[in-house]
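In case you want the letters, here they are:
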Amino acid sequence: MSQQIYTNKLIEETSPYLLQHAHNPVQWYPWGKEAFQKAKLEDKPVFLSIGYSTCHWCHVMAHESFEDEKVAELLNDSFIAIKVDKEERPDIDSIYMTVCQAFTGRGGWPTSIFMTWEQKPFFAGTYFPKENGYGIMGFKSLLRAIHEKWETSREELLRSAEEIVTVFQRENSLKEEADYTLIDTAIEQYYKTYDEAYGGFGVAPKFPAPHNLLFLLQQYEKKGDKKNLEMVENTLTQLYKGGIFDHIGFGFSRYSTDRQFLVPHFEKMLYDNALLILAYCKTFELTKNPFYRSVAEKTATYILREMTSSEGGFYSAQDADSDGEEGKYYVFEPTEIVKILGKEKGEAFNKYYDITQGGNFLRKNIPNLLQNHDYAEDFQVELPKLYEYRKKRNQLHLDDKILTSWNSLMIGAMCWLYRISENRIYLDAAQKAQHFIEEKLYDDGVLFVSYRDGKKSKQGFLDDYANNSFALFSLYDATLDKGYLNKAKELIGKVVNDFYDEKKGGFYLYGKDSEALILRPKESYDGAMPSGNSMMAYNLIRLSQFESDDSFDQIIKGQLNFMYGQAKEYPSGFAMYLIGLSDYFMPPQSITVVPKNEQDLKSLPFQASLGSVVKVVKESTEEYKLLHDKTTYYICSNHSCMPPVNELGS
């Protein structure tokens, strides 16, 4: 019997992930009052499944269990089943991921939670196979066991749920006076975990975590320690050479399953590519090596070609799977290449990109340059042919929802790329995406999480406001249009008003007007992306460097101290906060310009470093005068100022 005859309540949703499950035989509900009221009315526990549309193991569990009529019968008879897209509801994901990690010692998606209709969890896990095997309880057996417990030992489950909630409500509110030694400790930790041979940090699986690289680049720029730059350059080179970079269509996958960055988990996320563009741009600025600019531009080519809507918003992700097989879209056999390119060029291409008969991934090949020490561009004519062939050969699922938070990171990346390349296409893309956010995802001072199919979803979370403030600062830096600066200040003011904890410090993940959940988390650790609290530390300090505002002074100190308490045990896990902390103690270069005419400002975004603070004084004042009746620059760095000059770099 075809699963297509089934339709559940997810059919009304716009999330691609929820729609993937709208025709499951499971009677899914979206998160909301209706589901919890039904659970209470029917006296059933709730099964909550959290994932996202490009998640490989989410697909596996869906195919094995949620598309299976017998599993669906068990779920439908004894539970109320709820599906959540983690990218639309990071608040729900944050709370129950913390629960899952406490239960299992690890996290991941799909996240599987069993809880009461009061949203209190009593059991958690990630992926469960359908049947028992290899010492793992199967999902069918688990459903039967929990149903039996609910019927015969409910008090035990409810007591467990109450204890779990009580434990998680005890907030770590440690606050200490922030000091610079944290930065030195973090650098030592990076030294210890750095992989000299293959770049990156730690062991497999390896995530790019480009914010770590941005921190090390900042420290090299300020202090000149070449070890910091070497770690970044080796990592960025290895990332490009490995299979984690798509050498045919460009762009980076989410992480590498091995130490060398050869075999990726093939899904491509918008945020990874945004953060990597930032890291490659900054490395180009510091080294002037065109290789880094080239990789940033290739990555942007991928984003503009495959991940950008006609209205200018950036899509979220592309799947790891094609035709139900992970990586199928990306891999090749040598004979395929020869057939498309011809014998001479095909064999040369295979040799260059390590495409062999034996293969490097399930007897097929991920194109890579890991064995190639001379990677000059030799195949500019051939790559488009293989790109078009690959598109026709397999289908790749696109998660086409547009997320405010991730779009904001890409806006910042496009601005930085514009500034190092002077190519207007990148600024146009950034401005168009910001316009999209303001038109579709902003209403009466409130940001929203996502947009798809003509609809915006829930009110925004901390990351939406924090990352969009970063985008606005980046747009100002690229254009010197003070309107962007004013909008950033407005957003930061709203975050302080709606998200800040005045008693204990730090910013809550969701605002005071959002739906109340069993917990109100404050995320501080920088995982695959900088946390909202890290980004707010950076934003507050950035704003203070443009203008002094007494109303923010105490907030800045409170945020730095709150984050110091969170970061003290493992500071290298808080890179974006460390970037802000460093700028607080050792301010970046500040350039105040008094223009003789507006034309003189046009080249300034390309001349000032990416971290500089540039302020424009429209008219000569007693403090800032024109020198020799020409455009004049007043430059300060690390608490000291130079005499005024008429040319930057003079």
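Basis of the calculations
Residues numbered from 1 in each chain as written. Predicted model: local features only at pLDDT ≥ 70, side-chain atom pairs only at ≥ 80, totals over all residues. Heavy atoms only, no water. Helix = DSSP H or I, 4+ residues; strand = E, 2+ residues; numbered from the N terminus. Rg over C-alpha atoms; globule rule 2.2 N^0.38 Å. Buried < 20%, exposed > 50% of the residue type's maximum accessible area, 1.4 Å probe, protein only. Contact = heavy atoms within 4.5 Å. Areas by Shrake-Rupley, 256 points an atom, 1.4 Å probe, with all protein chains shown as cover. Lys, Arg positive; Asp, Glu negative; His and termini not counted. Charge placed at Lys NZ, Arg CZ, Asp CG, Glu CD. Disulfide = S-S within 2.5 Å. Pairing = 2+ DSSP bridges. Expected span 1.5 Å × (residues − 1). Phe/Tyr/Trp six-rings, centres within 6.5 Å; stacked < 30°, edge-to-face > 60°. Lys NZ or Arg CZ within 6 Å of the ring centre and 35° of its normal. 1 Å grid on protein atoms, 1.4 Å probe; cavity = no way out; pocket = protein on both sides within 12 Å on 5 of 7 lines; lining within 4 Å. Points joined across faces, edges and corners; volume = space filled by probe spheres on them. Nonpolar A, V, L, I, M, F, W, Y, C, P; charged D, E, K, R; others polar.

Chemist: Explain the overall build of the protein chain here, please?
Modeler: The helix and strand inventory of the protein chain stands at 23 helices and 21 strands. Here the C-alpha atoms of the protein chain give a radius of gyration of 26 Å, agreeing with the 26 Å that 2.2 N^0.38 yields for 650 residues. Oriented by its inertia axes, the alpha-carbon framework of the protein chain measures out at about 85 × 70 × 45 Å. Buried positions account for 58% of the 650 residues belonging to the protein chain. For the protein chain, the share of sequence-separated contacts (at least 6 apart) that also reach a separation of at least 24 residues comes to 69%. As displayed, the protein chain has an accessible area near 27,000 Å², and 49% of this comes from carbon and sulfur atoms. Computing the positive centroid from 73 side-chain charges and the negative centroid from 93, the protein chain places the two 1 Å apart.

Chemist: So what exactly am I meant to see when it comes to the environment of E326 here?
Modeler: Mapped onto the elements of the fold, E326 is located in strand β11 (residues 325-326). Owing to a relative accessible area of 22%, E326 belongs among the partly exposed residues under this scheme. Sequence spacing of E326 and F461 is 135 residues, and the spatial spacing of their C-alpha atoms is 32 Å. Residues within four places of E326 in sequence aside, it is in contact with H56, H265, F266, A320, D321 and F361.

Chemist: What exactly am I supposed to notice about the state of the cysteines here?
Modeler: When the sulfur atoms of two cysteines share a covalent bond, that bond is a disulfide. Using the criterion set out here, one finds two disulfides in the structure. What pairs with C55 in a disulfide is C58, and their sulfur atoms sit 2.4 Å apart. Every disulfide takes its handedness from the sign of the S-S torsion; for C55 and C58 that torsion is 80°, giving right-handed. Each member of the pair, C55 as well as C58, is classed as buried. The residue that forms a disulfide with C636 is C641, at a sulfur-sulfur distance of 2.0 Å. With the S-S bond torsion at 105°, the cross-link from C636 to C641 turns out right-handed. Residue classification places C641 among the exposed positions, given a relative accessible area of 53%.

Chemist: Would you mind showing me how to read the pairing of strand β4 (residues 111-115) here?
Modeler: Consecutive residues of a regular strand have side chains that alternate between opposite faces of the sheet. Taking burial as the measure, the five residues of β4 include five buried ones, the bulk of the element. Side chains of β4 alternate between two faces, with T111, I113 and M115 and S112 and F114 buried alike. Of the strand pairs in this sheet, β4 and strand β5 (residues 121-125) are connected by four bridges, and their pairing is antiparallel. Within the sheet, the bridge partner assigned to I113 lies in β5 and is A124. Linking β4 back to β5 in an antiparallel pair, the connection comprises five residues, with Q119 at a positive phi of about 75°.

Chemist: How do you make sense of the sheet that holds strand β16 (residues 450-452) when you look at a structure like this?
Modeler: The pairing of strands in a sheet happens through backbone hydrogen bonds and is either parallel or antiparallel. Within the open sheet, the three strands sit side by side as β13-β16-β17. Their pairing is antiparallel. Lying at the two open borders of the sheet, with one neighbouring strand each, are β13 (402-403) and β17 (455-456). When β16 meets β17, the two strands line up antiparallel, connected through two bridges. Along β17, the bridge assignment pairs R452 with K455.

Chemist: Can you walk me through helix α21 (residues 550-567) in this structure?
Modeler: An α-helical segment advances 3.6 residues per turn. Residues three or four places apart therefore align on the same side. When the terminal C-alpha atoms of α21 are compared, their 26 Å separation across 18 residues agrees well with the 26 Å that a helix rising 1.5 Å per residue should span. Among the 18 residues of α21, 13 are classified as buried, and the element is accordingly described as predominantly covered.

Chemist: Honestly, the packing of aromatic side chains in this entry has me stumped. Any pointers?
Modeler: The geometry of an aromatic ring pair comes down to the distance between the two centres and the angle between the two planes. Enumeration according to the criterion identifies 47 aromatic pairs in this entry. Their ring planes at 20° and their centres at 6.1 Å tell us that F245 and F250 sit as a pair that is stacked. Residue F245 shares its accessibility class with F250, and that shared class is buried. Three or more aromatic residues joined by ring pairs make a cluster, and in this case those are W28, F47, F66, F79, F103, F114, F123, F128 and F139. It is K83 that lies over the ring of W28; its NZ or CZ is 5.0 Å from the centre. The ring of W109 is capped by K86, whose NZ or CZ atom sits 4.4 Å from the centre of that ring.

Chemist: What exactly am I supposed to notice about unusual backbone geometry here?
Modeler: Comment: phi is negative for the bulk of residues other than glycine, and the bulk of peptide bonds are trans. Following W109, the chain continues to P110 via a peptide bond in cis, the omega torsion being 5°. Residue P205 is reached from A204 by a cis peptide bond, and omega for that bond is -5°. Relative to the helices and strands, P205 is located in the loop between α8 (181-193) and α9 (210-223). Phi at K288 is positive, roughly 60°, even though this residue is not glycine. Inspection of the secondary structure puts K288 in the loop between α11 (270-287) and α12 (290-306). The backbone of L480 shows a phi angle near 60°, a positive value even though the residue is not glycine. Tracing the sequence through the fold places L480 in the loop between α18 (462-479) and α19 (482-499).

Chemist: Hey, could you run me through empty space enclosed by the protein in this one?
Modeler: Which parts of space are left empty comes out when a probe the size of a water molecule is rolled across the atoms. If you walk through the whole model with that rule in mind, you get five cavities of 30 Å³ or more. The calculated volume of the largest cavity comes to roughly 80 Å³. Forming the walls of the largest cavity are G243, F245, D246, H247, I248, S253, P264, F266, Y330, I366, P367 and R390. Quantified by volume, the second largest cavity comes out at close to 50 Å³. Around the second largest cavity, the lining residues are W416, F470, F473, S474, D477, Y538, R542 and L610. Contributing elements (two or more residues each) for the lining of the second largest cavity: α18 and α20 (532-546). In terms of residue count, the dominant contributor to the lining of the second largest cavity is α18 (four residues). For the lining of the second largest cavity, a count of residues per class yields five nonpolar, one polar and two charged.

Chemist: Looking at this structure, I do not really get the layout of surface pockets. What am I missing?
Modeler: If you add up the space inside the second largest pocket, you get close to 520 Å³. Those elements giving two or more residues to the lining of the second largest pocket turn out to be α9, α11, α16 (404-421), α20 and α22 (575-585). Here the lining of the second largest pocket takes five residues from α9, the largest share from any one element. Residues belonging to the lining of the second largest pocket are distributed by class as follows: 17 nonpolar, eight polar and five charged.

Worth remembering: the numbers are spatial, not functional.
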